[in-house]
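Observations on chain architecture
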Amino acid sequence: MHDRPKATKGGNRGATISHSPPHIPDYPAPDIADLFAQREGERNALHSRYLNDHMVRMLRTIGYDAGFCRAEGPYLYDRDDVRFLDLLSGFGVFGVGRNHPVVRDALKSVLDADLPSLVQLDVSPLSGVLAERLIAHVPYMEKVFFTNTGSEAVESAIKFARGATGRAGIVYCDHAFHGLSNGALSINGEDGFRKGFDPLLPDCTRIAFNDLTALEQALRTRNVAAFIVEPIQGKGVNMPADDYLPQALALCRKYGALFVADEVQTGLGRTGKFLAVEHWNVEPDMVLLAKALSGGHVPVAAVLTRKHIFEKIFNRMDRVMVHGSTFGSNNLAMAAGIATLDVMESERLTENAARMGERLIRDLSALVPGYEFMKEVRGKGLMIGIEFGSPKSFKLKAAWGMLEASKKGLFCQIIAVPLFRDQKILSQTAGEGSNTIKLIPPLVLSEEDCDWIVNGFDKVIADSHQVTGAVWSFGKTLVTQALKA
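Structure report, in brief. Just so you know, these numbers come straight off a predicted model, no measurement behind them.

**Structural notes on the sheet that holds strand 4 (residues 143-147)**
What the seven strands build is an open sheet, ordered 4-10-9-8-7-5-6; its pairing is mixed. Of all strands in the sheet, those bounded by a partner on one side alone are strand 4 and strand 6 (204-207). Put simply, the sheet's adjacent strands are angled 20° from each other on average, direction ignored. Relative to strand 10 (residues 301-305), strand 4 runs antiparallel, the two sharing five bridges. Bridge pairing in strand 10 places phenylalanine 146 opposite alanine 302. Packing of helix 11 (residues 244-255) onto the sheet brings it into contact with strand 5 (169-173), strand 7 (224-229) and strand 8 (258-262), and relative to strand 8 it is tilted by some 145°.

Set out below in structure tokens:
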């Protein structure tokens, strides 16, 4: 037990209290690195028995069970210390790269300082500092609410919008991804995620992305609290028309709905601007941030909002806890966010994302005329989609048709798997049934990494045009698996 400090005569008020010596346990802390090394060979067995067996089966089927054992910057290293280039970055979490020493040192400093965290009936200076730093980047906002995840930020935005407007309706877009908790799932535009979880929240209306007529029709009811939209859709890397977001904001103003930008994946420099909406000079009513704000270590998310919205929710002292998140402002999360912003500014990572992204889009686009399967390369900064489509020549068209008939979007797997196996590049398809591969690498990407990416895609796409080659042998295996499923 901890020793109690001795109070001075007259009580503790205004007195200096001597600190008791720290409690030193008489048992050792677990050596987590040693534990990882000891049990690494059992990872698949452990997951199959206690976690998601189908995840393990999927990884084995497509050859992704490399067994990564360490990571640094944009690189992953497998159990044989082979280096892979990470174009997935934990679904966009590792904006500053994996295991950045500045972020790690910031977290260590919190632990070493014995700071009080989550007192709840107190406020932490660290949450105030992080809020201040975020508002400095988005100066038309005035208030911040911290949560742990992007899904929680979306849930908060739904509540804030309904509470501030007195309306029930939420409008969202087809193919949108806003999270998988119940409220966020209710505005998820991908049916594969929603199937089996009905009933979801009422008064949620789906419209087509990039369709201003559909948006106005939904808003005209004047029962819509908010339009929630990703500036660039993550599922598909779908780009807005140049006038879409500005006109959508104007329609929201006209009909009294709030405009909420879900920047969970697009924000924090990903697209070459701090926020993606900056490309279109749009100033939303709420902005949602998460993923990269964590520095890749401690989950943290934020709702940036205008003051009049915030004060409709927290409008009296007896409502200070009308909405909350137990771990939302913990000191480790706040430190991770502060350190992440420091790294981004010091290393000019937003500018690097713009520069490397421009180069990748240019060089990958240059491949399109040479390959029948390639359709388009699109995106902004380091959020890039490479879309494939049906070729013109008979033999290639027949091979494409075989894959599409068995499972839509399967062609991307015969690109992604050899990229991983042969070129040591980790990538992902941009959604279920999508013929687009999405690149969302860490923002620390170098010129050499760009060479690696372009050369790797060039080689694998070239191989895909040889219908009798190894790529299509694997494609037949995928077709068999798809038909069995």
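**Brief notes about helix 6 (residues 125-137)**
If you check helix 6, its first and last C-alpha atoms are 19 Å apart, about what 13 residues at 1.5 Å a residue would give, namely 18 Å. Residues Ser127, Leu130, Ala131, Arg133, Leu134 and Ile135 constitute the buried set of helix 6. Contacts made by the buried residues of helix 6 are with strand 4, strand 9 (286-289), strand 10 and helix 13 (331-346). A distance of 3.1 Å separates the backbone nitrogen of leucine 126 from a side-chain oxygen at the start of helix 6, and that oxygen is part of serine 124.

**Some points on the environment of isoleucine 414**
Inspection of the secondary structure puts isoleucine 414 in helix 16 (residues 411-423). For the pair isoleucine 414 and aspartate 463, spaced 49 residues apart in the sequence, the C-alpha separation amounts to 9.8 Å.

**With respect to the packing of helix 14 (residues 349-365) against helix 17 (residues 447-464)**
The geometry of helix 14 relative to helix 17 is characterised by a closest axis approach of 10 Å and an angle of 25° between their N-to-C directions. The angle between helix 14 and helix 17 falls in the class roughly parallel. For helix 14 against helix 17, the interelement crossing comes out right-handed. Facing helix 14, whose interface residues are Met356, Arg359, Leu360, Asp363 and Leu364, helix 17 presents Glu447, Cys450, Asp451, Ile453, Val454 and Phe457. Looking at side-chain class alone, the contact of helix 14 with helix 17 contains seven nonpolar, no polar and four charged residues.

**A closer look at a nonpolar patch on the surface**
Taken together, the side chains of Leu121, Met317, Val320 and Met321 define a hydrophobic patch exposed on the protein surface, amounting to about 550 Å² of accessible area. Mapping leucine 121 onto the fold places it in the loop between helix 5 (101-112) and helix 6.

**Here's the deal with unusual backbone geometry**
Excluding glycine, most residues fall at negative phi; most peptide bonds, likewise, are trans. Of the consecutive residues aspartate 198 and proline 199, the connecting peptide bond is found in the cis state with omega at 0°. Within the secondary structure, proline 199 is located in the loop between helix 9 (191-194) and strand 6. In this structure, aspartate 203 takes a positive phi of about 65° despite not being glycine. Tracing the chain through its elements places aspartate 203 in the loop between helix 9 and strand 6. A relative accessible area of 43% places aspartate 203 in the partly exposed class.

**So, the pattern of salt bridges**
Enumeration over the complete set of coordinates arrives at 27 salt bridges. Residue aspartate 174 pairs with arginine 206 through a salt bridge whose shortest N-O separation is 3.2 Å. Here aspartate 174 is found in the loop between strand 5 and helix 8 (182-186), whereas its partner arginine 206 is found in strand 6, with 32 residues between them in sequence. For arginine 206, a relative accessible area of 30% gives the class partly exposed. Of the charged contacts in the structure, one is a salt bridge between arginine 378 and glutamate 376, with a shortest N-O distance of 2.9 Å. According to the relative accessible area criterion, arginine 378 is buried, its value standing at 12%. The structure contains a network of salt bridges with shared partners spanning Arg359, Arg362, Asp363, Glu447 and Asp451.

**Focus on the nonpolar core**
In terms of nonpolar packing, the biggest core is built from 115 residues, with Leu134, Phe227, Phe259, Leu304, Phe388 and Phe457 touching the most fellow members. Sorting elements by how many residues they give to this core places helix 13 first, with nine residues. Formed by 27 residues, the second largest nonpolar core is a distinct cluster that contains Ala153, Val154, Ala226 and Leu258.

**Considerations on the pairing of strand 12 (residues 383-388)**
In the case of a regular strand, side chains alternate between the two sheet surfaces. Taking burial as the measure, the six residues of strand 12 include six buried ones, the bulk of the element. Alternating positions in strand 12 separate into two faces, Met383, Gly385 and Glu387 on one and Ile384, Ile386 and Phe388 on the other, with burial throughout. Bridging between strand 11 (residues 374-380) and strand 12 involves six bridges; their strand directions are antiparallel. Looking across to strand 12, one finds that glutamate 376 is bridged to glutamate 387. Where strand 11 folds back on strand 12, the antiparallel hairpin that results is connected by two residues, among which glycine 381 adopts a positive phi of roughly 55°. Examined bridge by bridge, strand 12 and strand 15 (residues 436-439) share four bridges and lie antiparallel to one another.

Rules used in this analysis
- Residues numbered from 1 in each chain as written.
- Predicted model: local features only at pLDDT ≥ 70, side-chain atom pairs only at ≥ 80, totals over all residues.
- Heavy atoms only, no water.
- Pairing = 2+ DSSP bridges.
- Helix = DSSP H or I, 4+ residues; strand = E, 2+ residues; numbered from the N terminus.
- Axes fitted to C-alpha atoms, helices over the stretch in contact; angles between N-to-C directions.
- Contact = heavy atoms within 4.5 Å.
- Expected span 1.5 Å × (residues − 1).
- Buried < 20%, exposed > 50% of the residue type's maximum accessible area, 1.4 Å probe, protein only.
- Polar contact = N/O pair within 3.5 Å; in protein donor to acceptor, adjacent residues only side chain to side chain.
- Parallel < 35°, antiparallel > 145°, perpendicular 65-115°, else oblique.
- Left-handed = near helix turned anticlockwise from the far one by under 90°.
- Nonpolar A, V, L, I, M, F, W, Y, C, P; charged D, E, K, R; others polar.
- Patch = residues over 30% accessible without salt bridge, like charges linked within 9 Å, V, L, I, M, F, W, Y side chains within 5 Å.
- Areas by Shrake-Rupley, 256 points an atom, 1.4 Å probe, with all protein chains shown as cover.
- Salt bridge = Lys/Arg side-chain N within 4 Å of Asp/Glu carboxyl O.
- Core = buried A, V, L, I, M, F, W, Y, C linked by side-chain atoms within 4.5 Å.

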